[in-house]
Amino acid sequence: MLSDSVRVPAAATRRYGAGFWTVAFAFLIVMASATLPSPLYGLYRTRDGLSAFTVTLIYAIYAGGTIATLLSVRFVAARIGRRGVMLGAVATMMAAAGLLAAWKALPGLLVGRFITGVAVGLAAGTGDYVPDRAACP
């Protein structure tokens, strides 16, 4: 049983609940947007005459962007906070989607997928960041 000094006010609980669902929705949007173009690569391969190696390279660039971002997101989150990183992830994904829609050549696919990987790394790495408790007052 919790004492009165430990109980969290109902308004604070609702606020954190709304924040959780907002972040969960943003995470869903980023991850769904990242997987959305995957079925199109068969069409791109036929339309542009891409080899299987080139399609593999496009996926590898996406993974490289994700891994590079996951390795550095904690430093970014320490600087601007989790909220800023998640907003940055959504903005980066919007930029990547616009780039993929506008630039239809192979360089556009490569750059767009790299930026998509960065957005996914930002979104996934946001939940992994734990601030240094010794630095907190």
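Predicted model, so just to flag it, every value in this text is computed and none were measured.

Participant: Would you mind showing me how to read the packing of aromatic side chains here?
Facilitator: Centre distance and the angle of the planes are the two values used to describe a pair of aromatic rings. According to the stated counting rule, one finds three aromatic pairs in the structure shown. Note on Phe-20 and Trp-21: the rings are 4.9 Å apart at their centroids and 80 degrees apart in plane angle, and the pair reads as edge-to-face. Chaining the aromatic ring pairs together yields one cluster made of Tyr-41, Tyr-44 and Tyr-59. One Lys or Arg, Arg-113, reaches over the ring of Tyr-62 and ends 4.4 Å from the middle of that ring.

Participant: When you look at the layout of surface pockets in this model, what are you seeing that I'm missing?
Facilitator: Remark: the empty space left among the atoms is shown by a probe the size of a water molecule rolled over them. Put simply, the second largest pocket is a space of about 200 Å³. Looking at the second largest pocket, it is lined by 13 residues, and the ones nearest its centre are Ser-33, Pro-37, Ala-97, Leu-100 and Ala-101. Tallying contributions element by element places helix α3 (residues 52–102) first for the lining of the second largest pocket, with five residues. Classifying every residue of the lining of the second largest pocket gives nine nonpolar, two polar and two charged.

Participant: What is the right way to look at the environment of Val-55 in this model?
Facilitator: In this structure, Val-55 sits in helix α3. Val-55 sits in the buried class, given a relative accessible area of 13%. Distance from Val-55 to Leu-109, taken between C-alpha atoms, is 9.7 Å for residues 54 residues apart in sequence. Ignoring any residue separated from it by four or fewer positions in sequence, one finds Val-55 in contact with Tyr-41, Arg-45 and Leu-50.

Participant: How should I be thinking about the side chain of Thr-126 in this particular structure?
Facilitator: Mapped onto the elements of the fold, Thr-126 is located in helix α4 (residues 106–126). Thr-126 gets classed as buried once you look at its relative accessible area, which sits at 5%. A distance of 2.5 Å separates the side chain of Thr-126 from the backbone oxygen of Leu-122, its partner in a polar contact. Contact partners of Thr-126, with chain neighbours within four places excluded, come to Arg-82, Val-85 and Met-86.

Participant: Just to check I follow, could you spell out the nonpolar core for this structure?
Facilitator: Most often, soluble globular proteins have nonpolar side chains that are buried together. In this structure, Val-30, Met-93 and Val-120 are the most contacted members of the largest nonpolar core, which totals 14 residues. Breaking this core down by element, the ones donating at least two residues are α1 (10–35), α3 and α4. Top element by residues in this core is α3. It accounts for seven residues. Setting aside its immediate chain neighbours within four residues, Met-93 contacts Val-30, Ser-33, Ala-34, Thr-116, Ala-119 and Val-120.

Rules behind the numbers
Residues numbered from 1 in each chain as written. Predicted model: local features only at pLDDT ≥ 70, side-chain atom pairs only at ≥ 80, totals over all residues. Heavy atoms only, no water. Phe/Tyr/Trp six-rings, centres within 6.5 Å; stacked < 30°, edge-to-face > 60°. Lys NZ or Arg CZ within 6 Å of the ring centre and 35° of its normal. 1 Å grid on protein atoms, 1.4 Å probe; cavity = no way out; pocket = protein on both sides within 12 Å on 5 of 7 lines; lining within 4 Å. Points joined across faces, edges and corners; volume = space filled by probe spheres on them. Helix = DSSP H or I, 4+ residues; strand = E, 2+ residues; numbered from the N terminus. Nonpolar A, V, L, I, M, F, W, Y, C, P; charged D, E, K, R; others polar. Buried < 20%, exposed > 50% of the residue type's maximum accessible area, 1.4 Å probe, protein only. Contact = heavy atoms within 4.5 Å. Polar contact = N/O pair within 3.5 Å; in protein donor to acceptor, adjacent residues only side chain to side chain. Core = buried A, V, L, I, M, F, W, Y, C linked by side-chain atoms within 4.5 Å.

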